[in-house]
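One letter stands for each residue in the lines below.
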Amino acid sequence: AAAAAAAGGPGSDAAAAAAAAGGDEFARWPWPSSAEVAAEVSLRRPAPRVWVLVGGDGLQRQRAFRSGANVAAKLARCCDIQVDVFLMPAAGSGAGEARRRSTLLSRRTEWRALGIPEELHPPSMSDEELVYMPPADVPLLARQLIVASPQHLARHTLEEAAEAAERCASRTGQSYIAANVLDKQQRDSHFEAQMELDAHFVQGVGGLWGAPAWVLPPAPRFMDVREMLAEAQACDATLLLMLDDSTTANGQLQQTLEGAGLPFTGMTSDFAFKCSNRLTLSKAIDEIADSLAAPAAKPGTSEGQDEAAAAAAAAAPVGLVAVPKKVVKSQELLEYLQRPEEFEGMFAALLLDWDCSSVAIKPPTRSGGLGVIRVSSPEDLYVVADALRSCTPRLPAGTLEQQPLPVTLPLQLPELLVVEPWIETDEVAVVDGQLQWAGKQRWVEVTVGLLGELGSMTALQPTLLAYSAEGSRQQFTPPPQHILPAAAVEAVQGFAVALADGLGLRSIAAVDGFVNVDTGELVVLDVQQLPDLSDGSPILQQVLANDPPMLPYQLFRHLAQQAYISQRSTLEAAAAGAGMSSSAYYSAPDDKGGSGFGAEDFDLGEPAEQGLGGDLFAGVEGDVAADDGAVGDEELQGMSAGWTRE
């Protein structure tokens, strides 16, 4: 009161004198304005929640883990959003997998001691499944998630991060007296290190969450997908799916998120099956190429003119084509190991109808280059079959005839193997600061990034991929003009956009393939629903080369903003024009047209027009189209390698 009186506030002598003079006693009081009150309220509003789901049980789960860790690290610089990372390991992995393997090994030892032959052992006791145990059959809503901390994301692999989280949870959940000797030593060393840092005025890690420097980090949370969905709905979270999982390949996770009304990145459940494996993807690409080649009927033209136009279009080269494929049954290939003399005939059957000297053997699932083997001779085919039978995880460099680098093999032997012709490209080298390219082979390998919403994707500048004689990979973004001219770049961008719209891609994706530098036609190798988003990846190079350029954290923020706005638009359309209350976690659009997420609106440019065409594999018969987009038994029989056993 004395301070208020001295300052001339309400109740002071100065205020009384002002009132006696007819003035307002509160005229001199510093009341905040309405703008200051609104600013203070906005600061107290909860920040938007962005949840990054990383991991999975697919072949690309390690790349997804690195991409998710990079996304979380880049988004951490955005102070107005709250980022949480959820690890999604394979079902039954971690400590449960170790216990299951120990039990199966003990049981197999007992069966062998009893004299039970190997033929009567169940498949779970085989060497293949004991070394690389398949994921457990767990419903999606019961899949385990781990709320990861930054120290867990610093691990090299997803499995190491999950095991570290389990150890941290078990260590923090028990008392010091009950801990074993190793846990006590770890706690003592951690305490001593933190106290030494604190003595030298260095903030310990405990200060990151407002605790003393020597306090251990909080224990990670374990939850299932059902609990995650409930919490995400409660806080209106936006999900960034950095997953390579079986539930995302078949669209099951996307369908669950759509049913919960949660915004997420990546393909929707309606289109996920098209990119589920290489066979369905090749089938979908052929259908899109046929739709691009089919001429649209113009009004006022006769039937004869339409037939002539259709015949001319059929004779014209096709600018978008999938690499032709053959299918080999894994068990049939392993059976031929008993007759090595027949591998020469098998290799000749693989090269039949293809103008090439080598083939690529790949798993049917999208592997992002993992498990791709170049076979150049019958001897190479025998080595590959023997490695698959013995569950060899890795072929050392130089094992095959043309293999300068090690090759990672599939952990689980797939039922089918996909065989494709190996496309030769010229070496691109940097000599004295100059880029040299022979140009004998008119095909170059590229990766084209795609950004945007469903049906309106935009192609970025392609990245030229080159391999030296030693096997090292080099990336050039944008591609040099003397190697890939501007007309070819424009053409491949147009084909990539048409492919993305036909497949139902959205958010972010990438197309890998070969481009003819003369005609611009695109031969599609793979379509990545989840491209590599780690540091130095082609996608991040392309967004930096975009006009205007985007920094990585701006790209990731843009993806979250786009997913949220798209979901809000879907909900508003479903409400049939009914008024929807704005979310408490997102601000309303400002006067300048900015989005409620708070991120800047980036101009990604206009989609490229359709370009030139051509046909690399002329005369190769494509797959038979089906209404549901799946590959049937008759089509698999038609794509078989062509050898038969007597």
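Residues numbered from 1 in each chain as written. Predicted model: local features only at pLDDT ≥ 70, side-chain atom pairs only at ≥ 80, totals over all residues. Heavy atoms only, no water.

Visitor: Go over the packing of aromatic side chains with me, naming the residues and quoting the values.
Guide: Within this structure, the stated rule accounts for 2 aromatic pairs. Centre to centre, the rings of W51 and F86 are 4.7 Å apart; their planes meet at 40°, and the pair counts as tilted. Taken together, the residues span a long stretch of sequence, with W51 in strand β1 (residues 49–55) and F86 in strand β2 (residues 82–88) at a distance of 35 residues. Grouping residues by exposure puts W51 and F86 together as buried. (Phe/Tyr/Trp six-rings, centres within 6.5 Å; stacked < 30°, edge-to-face > 60°. Helix = DSSP H or I, 4+ residues; strand = E, 2+ residues; numbered from the N terminus. Buried < 20%, exposed > 50% of the residue type's maximum accessible area, 1.4 Å probe, protein only.)

Visitor: Go over the environment of R155, please, and point to the residues and values.
Guide: Topologically, R155 is positioned in the loop between α7 (150–153) and α8 (158–172). Sequence separation between R155 and R66 is 89 residues; the distance between their C-alpha atoms is 9.3 Å. Beyond its immediate stretch of four places on either side in the chain, R155 contacts F65, E160, A161, A164 and R167. (Contact = heavy atoms within 4.5 Å.)

Visitor: Describe unusual backbone geometry, naming the residues involved and giving the relevant values.
Guide: With an omega of -10°, the peptide bond between T477 and P478 qualifies as cis. With respect to the element layout, P478 can be found in the loop between β18 (473–476) and α18 (486–503). With an omega of 0°, the peptide bond running from D547 to P548 counts as cis. With respect to the secondary-structure elements, P548 resides in the loop between α19 (538–544) and α20 (552–574). The phi dihedral of D236 is positive, around 55°, even though this residue is not glycine. Turning to its location among the elements, D236 is positioned in the loop between α10 (225–235) and β5 (238–243). The residue D353 is not glycine, and still its phi comes out positive at about 70°. Following the sequence through the fold, D353 ends up in the loop between α16 (343–351) and β8 (359–362).

Visitor: I'd love a proper account of the pairing of strand β19 (residues 507–516), names of residues and values included.
Guide: Among the 10 residues in β19, 10 count as buried, and that is most of the element. As paired strands, strand β15 (residues 443–453) and β19 are joined by 10 bridges and run antiparallel to one another. Within β19, the residue paired with V446 across the bridge is G513. Two successive antiparallel strands, β19 and strand β20 (residues 522–528), enclose a turn made up of 5 residues, where G520 displays a positive phi of approximately 80°. (Pairing = 2+ DSSP bridges.)

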